[in-house]
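Chains, contacts and geometry: an overview
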Amino acid sequence: MSEYFGNIKTGAVTIATGMGITLKHFFNAIHRKGDAGLDDVDYFRQVDGLCTLQYPREVIPTPANARYRLYNKIEDCIGCGQCVRACPISCIEMETIKVAPDDLAVCGKTSDGQQKKFWVPVFDIDVAKCMTCGICTTVCPTECLYHTPVADFSEFDRSNMLYHFGNLTRLEAEAKRRKLAEIQAKALADKEKKAAEAKLEKKDGE
Amino acid sequence: MSTTALSQFSIPLLMGNSLNAWSDALAGFYLFGLPLGLVIIAAIPLVFIALYSLTYGVYGERKISAFMQDRLGPMEVGKWGILQTIADILKLLQKEDIVPASADKFLFVVGPGILFVGSFLAFAVLPFSPAFIGASLNVGLFFAIGIVAIEVVGILAAGWGSNNKWSLYGAVRSVAQIVSYEIPAAIALLCGAMMAGTLDMQKINILQSGSYGFAHFFLFHSPIAWLPFLIYFIASLAEVNRAPFDIPEAESELVAGYFTEYTGMKFAVIFLAEYGSMFMVSAIISIVFLGGWNSPLPNLGGVALNDWTNGPVWGALWIISKGFFFIFVQMWLRWTLPRLRVDQLMYLCWKVLTPFAFISFVLTAIWEVYRP
């Protein structure tokens, strides 16, 4: 019998305690929970208040040195293709055109003074595939491929997840390719001509 | 009991201030030989249920639950998310009304209807104001207790007709729960009826009016009146399937209980019925134990607060705010307590509430007979 009344008493007391706690939270909903971080002394003291973050309008800043979205600073890219080879899931696609000798100045140098020898008309990163492992950034010799602190880049269309970083338009790339082909053809022709001349001279010498 | 017992602060209104004046005037209103007034009387509680469940019921519950959990709740649609419920209703209206192929079509369609009618009929005997009551029955309280039992039929029809294991389990649990808890609830209300000596809702209210305000309420009528009040409140939670007695819905176990298969407007009707009966039990507890439309403010010497705050319009304000207060307590409990197990539910009903209801019944009877 005493257990019976004990249960009722426990029930009443615990319900009252619980309702007291919820009511306290209800009335504390007029102010926000503090912004003290984990390393703050007051972190565990800020128990009451709203903790909702209205995301698109209020954002916790992402850490500056963390792995989020990839970015390629194409001005510094020398088109070596290390990243393409390093990527474990092949999410980087790259195409290069050798720079013609008279175009070297136009193509320019990287920010640390290295002469760029390749045009990079296609440098596509599929960020939908990218798992932000960061291997490509470690192998990059010019450190032009790096992570930016952008965490929210969702898209409605999957094709928008393909990021293009190439520094030439299709027409420009076509022109460069043709120029290169001409130069190469000319060089080949010169070579053949030279070879033929050398043969001729040899014959004459006999 | 004469109608002059009402202390009336005279408000110049078209239909006068005496007891049931508004509803009587409406009942006598005919247009082209059609009883249009009666339709209006029926429409008033309907509109009230719809509006209140729209604003306080859904929006209020979401906000209150959010604040109790340190959240913000709906914030996007309109300022502070005020229009969220309108958006939800628009969504519900556009939903396809699906009747499952293997469902019992008749029961499936009829279930929500019975459910809603059951909760709506009880509004007929709720005095919304001293001047307005849908039907001034001399057995009003008995009618209100009895008509709620019809809801059980609706729940069983919905659960059985859905041909779904969750729905059936929900319905069976719900019926077992409602039928069990009606006993302590009815005995607790009987204590109130004994204190009043009548079952007429308006008379119960008049008996609790007086210049001392809340001191005349039946909750303070006898030293043990708090016990039937508490018992009825707990039992009413179970009757309207609110937490901690929400095992018929039990989201984590039964998806949504007896209305798992419902979509579109049928779902909305069940929702409306649920919020309707929440207000109904809250109104009944405030009528029987907390004076209904009587002002709780006492007359303090020359400051006649009670006289100033009584009257048809004030009465509507008081009963609705008392009802809303109890709905708030229901929500408050819901976000505090975990769900009871089925055996705990039955233990609480048969081994705790029912014996205590009987004890309070006997003690109230003794108090009424040998009152000092």
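Calculation rules
Residues numbered from 1 in each chain as written. Chains lettered and ligands numbered in written order. Predicted model: local features only at pLDDT ≥ 70, side-chain atom pairs only at ≥ 80, totals over all residues. Helix = DSSP H or I, 4+ residues; strand = E, 2+ residues; numbered from the N terminus. Rg over C-alpha atoms; globule rule 2.2 N^0.38 Å. Buried ≥ 20, exposed ≤ 12 C-beta atoms within 10 Å, placed from the backbone. Contact = placed C-beta atoms within 7 Å. Pairing = 2+ DSSP bridges. Axes fitted to C-alpha atoms, helices over the stretch in contact; angles between N-to-C directions. Parallel < 35°, antiparallel > 145°, perpendicular 65-115°, else oblique. Left-handed = near helix turned anticlockwise from the far one by under 90°. pLDDT = per-residue confidence, 0-100. Nonpolar A, V, L, I, M, F, W, Y, C, P; charged D, E, K, R; others polar. Core = buried A, V, L, I, M, F, W, Y, C linked by C-beta atoms within 7 Å. Expected span 1.5 Å × (residues − 1). Bend = angle between axes of the 7 residues up to and from the residue.

Topic: the overall build of chain A
When its secondary structure is counted, chain A shows five helices and five strands. When the elements of chain A are put in sequence order from the N terminus, they spell out α-β-α-β-α-β-α-β-β-α. A compact globule built from 206 residues should have a C-alpha radius of gyration of about 17 Å, whereas chain A, at 33 Å, is more than 25% larger. Burial analysis of chain A (206 residues in total) assigns 13% to the buried set. The long-range fraction of contacts in chain A, counting pairs at least 24 apart against all pairs at least 6 apart in sequence, stands at 70%.

Some points on the overall build of chain B
Along the backbone of chain B there are 14 helices and two strands. Relative to the 2.2 N^0.38 estimate, which gives 21 Å for 372 residues, the radius of gyration of chain B is 21 Å and therefore close to what a compact globule would have. Here the C-alpha coordinates of chain B stretch approximately 65 × 55 × 45 Å along the principal axes. Buried positions account for 46% of the 372 residues belonging to chain B.

Remarks on the pairing of strand β1 (residues 69-72) of chain A
Residue and element names in this part refer to chain A. Covered by surrounding structure in β1 are Leu70 and Asn72 only, the residues Arg69 and Tyr71 on the alternate face being uncovered. Pairing geometry for β1 and strand β4 (residues 145-148), over four bridges, is antiparallel. Opposite Tyr71, over in β4, you have Tyr146 as the bridge partner.

Some details on the packing of helix α7 (residues 165-196) of chain B against helix α14 (residues 342-369) of chain B
Residue and element names in this part refer to chain B. One can describe the packing of α7 onto α14 by two numbers: an axis separation of 9 Å at closest approach and a directional angle of 15 degrees. Between α7 and α14, the angle falls in the class roughly parallel. Considering how the two elements wind past one another, α7 and α14 form a crossing that is left-handed.

Things to note about the environment of Met331(B)
Mapped onto the elements, Met331(B) comes out in helix α13 (residues 312-334). Every residue in contact with Met331(B), bar those within four places of it in the chain, is listed here: Glu61(B), Ile64(B) and Ser65(B).

Considerations on the confidence of the model for chain A
On average, residues of chain A score 85 in pLDDT, and 99% of them are at 70 or above. Mean pLDDT across the elements of chain A ranges from a minimum in helix α3 (residues 104-107) of chain A, with 80, to a maximum in helix α4 (residues 135-139) of chain A, with 91.

Overview of the interface of chain B and chain A
Each side of the interface is counted separately: chain B has 13 residues, and chain A has 15 residues. Elements with a contribution of two residues or more to the side of chain B that touches chain A: α2 (36-68) and α13 of chain B. Its residues assigned to classes, the side of chain B that touches chain A shows 10 nonpolar, one polar and two charged.

Focus on the nonpolar core
Of all hydrophobic cores here, the largest spans 95 residues; its most connected members are Ala188(B), Ala235(B) and Phe289(B). Examining the composition of this core, we find that 14 residues originate from one element, helix α11 (residues 264-289) of chain B, more than from any other. Here Phe289(B) is in contact with Gly192(B), Phe217(B), Phe218(B), Leu219(B), Ala225(B) and Phe229(B), once residues within four sequence places are set aside. Formed by 19 residues, the second largest nonpolar core is a distinct cluster that contains Cys77(A), Cys87(A), Phe123(A) and Cys130(A).

A few points about the sheet that holds strand β3 (residues 118-126) of chain A
Residues and elements named next belong to chain A. Pairing is antiparallel across the open sheet formed by three strands, whose spatial order is β2-β3-β5. The open sheet has two edge strands, β2 (92-98) and β5 (162-164), and neither has a second partner. Averaged over all adjacent pairs, the angle separating strand axes in this sheet is 15 degrees, with direction ignored.

A look at α14(B)
All names here are of chain B. A rise of 1.5 Å per residue sets the reference length of α14, with its 28 residues, at 40 Å; its end C-alpha atoms lie 39 Å apart and thus fit the reference within 8%. Maximal helix bending in α14 amounts to about 35 degrees, located at Leu353; proline Pro355 follows within four positions. Those residues of α14 hidden inside the fold are in contact with α7 and α9 (226-239).

Describing the packing of α9(B) against α14(B)
The description of two packed helices rests on the angle between their axes and on the distance between the axes. All names here are of chain B. It is the contact of α9 with α14, at a shortest axis distance of 9 Å, that shows an interaxial angle of 145 degrees. Seen along the crossing, α9 lies across α14 with a hand that is left-handed. Across the interface between the two elements, Leu227, Pro228, Ile231, Ile234 and Ala235 from α9 touch Leu353, Phe356, Ala357, Ser360 and Thr364 from α14. Looking at the contact of α9 with α14 residue by residue, the classes come out as eight nonpolar, two polar and no charged.

What to know about the environment of Arg334(B)
Residue and element names in this part refer to chain B. For Arg334, the location among the structural elements is in helix α13. Its 20 C-beta neighbours within 10 Å are what place Arg334 among the buried residues. Sequence separation between Arg334 and Thr263 is 71 residues, and the spatial gap between their C-alpha atoms is 24 Å. Ignoring anything within four residues of it in the chain, the contact list for Arg334 reads Arg242 and Ala243.

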